[in-house]
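Examination of the molecular architecture
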Amino acid sequence: MSHDPRLDPEMAAALAAEPLPPTVLDGLDGEELAALRAARAAAAFPPPTEGVLVTDHRLPGPDPLRVRVYRPRAAALLPLPCLVWIHGGGLVLGTPEADDARVSRYVLEAGCAVVSVDYRLAPEHPFPVPVEDCYRALRWTAGQAGALGVDPERIAVGGISAGGGLAAATALLARDRGGPRLVFQLLLCPMLDDRNTTASSREFTDPVTWPRANNVYGWAALLGPLVGGEEVSPYAAPARAADLSGLPPAYVDVGELEVFRDECAQYALRLIAAGVSTEFHLWPGAFHGFDGALPRLTLPRRAATEQIAVLRRAFGAAPGGSTP
């Protein structure tokens, strides 16, 4: 494929030398989607970083839900701030293991614990199952704070792509259901709007990653015949929320060259207008998920550094010091 001339030159050179394998969802039936999930699960993801203790927990209840808990080995059971993390995958793919390396960095450099949610995927589990799983994991984290070594007054929610949209929706649920109280929401290139009517949602039919067709597929899997209609809940598509007041402070970022650009920019501006302290970062020349795809390059490293900085600020860490 020919790359957009706006693509960051260093990333363009890296992609020319070693293109990213495409993920094509459009037209997949149930068996083909299951095969893609199995192939992804068998892939070799970077493992958790040395110095990070990882444990898996099964939440009690009739419906299965696994969470993967990360904490610094050196911290024993000191009460740490905690990020409830939600992986990406267009609502139809993904596992916590795929983010082991990313959240390990949060643990070690932001001085926090992470609870990563293995939420159930669409289309087998349509709305509201995925977001209810995420909210359930948030409530469990707050309720088990003592056993987990987590400070219940310093819990944040975050995610990337579909996980970023689920994180935004979980923050809405926490506000509307009276808790748990969140101190921050980390929304990385979040998937927020099922309507797919913005200029950027129409423009990127053949980007480096995550074309419009994949996005349409993911939303249809979650919402079925309701997709794009008037009955869609803001807990499914947070861009639908009429009132964004009373939410925790937010960091929203997105690449210049991706489907989600405009909906993320609009959501950030609406948060600010609603009185929610919000930092917004539009990464020039960047495609969807660039920081995870090419982590050693200059722009992805800048983005990763910003993520650590905003988490440390949200959790009250002193610059260059440890989280109290």
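The text that follows walks through the structure, step by step, so that each part is easy to find. (Residues numbered from 1 in each chain as written. Predicted model: local features only at pLDDT ≥ 70, side-chain atom pairs only at ≥ 80, totals over all residues. Heavy atoms only, no water.)

A few words now on helix H11 (residues 298-315). Counted at 1.5 Å a residue, the expected span for H11 with its 18 residues is 26 Å, and the 26 Å between its end C-alpha atoms agrees. Along H11, the residues classified as buried are Leu299, Pro300, Ala303, Ala304, Gln307, Ile308, Val310, Leu311, Arg312 and Phe315. Positive phi shows up at Gly316, right after H11, with a value of about 85°. (Helix = DSSP H or I, 4+ residues; strand = E, 2+ residues; numbered from the N terminus. Expected span 1.5 Å × (residues − 1). Buried < 20%, exposed > 50% of the residue type's maximum accessible area, 1.4 Å probe, protein only.)

Another point: the pattern of salt bridges. Applying the stated rule across the entire model yields 21 salt bridges. Arg66 serves as the salt-bridge partner of Asp56, at 3.0 Å between the closest nitrogen and oxygen. Taken together, the residues Asp56 in strand S1 (residues 52-58) and Arg66 in strand S2 (residues 66-72) connect sequence positions ten residues apart. The class of Asp56 is partly exposed, set by a relative accessible area of 44%. We note a salt bridge from Glu109 to Arg105, for which the minimum N-O separation is 2.9 Å. Pair noted here: Glu109 and Arg105 are both in helix H3 (residues 100-110), with a separation of four residues, about one helical turn. (Salt bridge = Lys/Arg side-chain N within 4 Å of Asp/Glu carboxyl O.)

Once that is clear, we can look at the packing of aromatic side chains. In total, this model carries two aromatic pairs according to the counting rule given. Geometrically, the ring pair formed by Trp85 and Tyr106 is edge-to-face, given 5.6 Å between the ring centres and 70° between the ring planes. With a gap of 21 residues between them, Trp85 in strand S3 (residues 80-86) and Tyr106 in helix H3 connect regions that are remote in the sequence. Each member of the pair Trp85 and Tyr106 is classed as buried. Centroid distance Trp283 to Phe290: 6.2 Å. Interplanar angle 55°. Geometry classified as tilted. (Phe/Tyr/Trp six-rings, centres within 6.5 Å; stacked < 30°, edge-to-face > 60°.)

Our focus in this paragraph is the nonpolar core. Inside soluble globular proteins, nonpolar side chains tend to come together where they are buried. Among the nonpolar cores identified, the biggest contains 101 residues, and Trp85, Tyr106, Val114, Leu186 and Tyr267 are the most heavily contacted of them. Per element, the largest residue contribution to this core is nine residues, and it comes from helix H6 (residues 162-176). Other than its neighbours up to four places away in sequence, Tyr106 contacts Leu83, Trp85, Gly111, Cys112, Val114, Leu186, Leu188, Gln307, Ile308 and Leu311. (Core = buried A, V, L, I, M, F, W, Y, C linked by side-chain atoms within 4.5 Å. Contact = heavy atoms within 4.5 Å.)

This paragraph deals with the pairing of strand S7 (residues 250-255). By the criterion of burial, S7 is predominantly enclosed, with six of the six residues buried. As paired elements, strand S6 (residues 184-188) and S7 share four bridges and run parallel to each other. In the strand pairing of S7, Leu188 is matched with Asp253. Taken together, the six bridges between S7 and strand S8 (residues 278-283) define a ladder with parallel strand orientation. When the bridges of S8 are listed, Asp253 appears paired with His281. (Pairing = 2+ DSSP bridges.)

Our next topic: the sheet that holds S7. Pairing within the open sheet is mixed, and its eight strands lie in the order S1-S2-S4-S3-S5-S6-S7-S8. Edge positions in the sheet fall to S1 and S8, since each has one partner strand and no second. Averaged over all pairs of adjacent strands, the angle between strand axes in this sheet comes to 15°, irrespective of strand direction. Contacting S1, S2, S3, strand S4 (113-118), strand S5 (150-160) and S6, H3 crosses the sheet at an angle of about 40° to S2. Across the sheet, H6 is in contact with S3, S5 and S6; its angle to S5 comes to roughly 140°. (Axes fitted to C-alpha atoms, helices over the stretch in contact; angles between N-to-C directions.)

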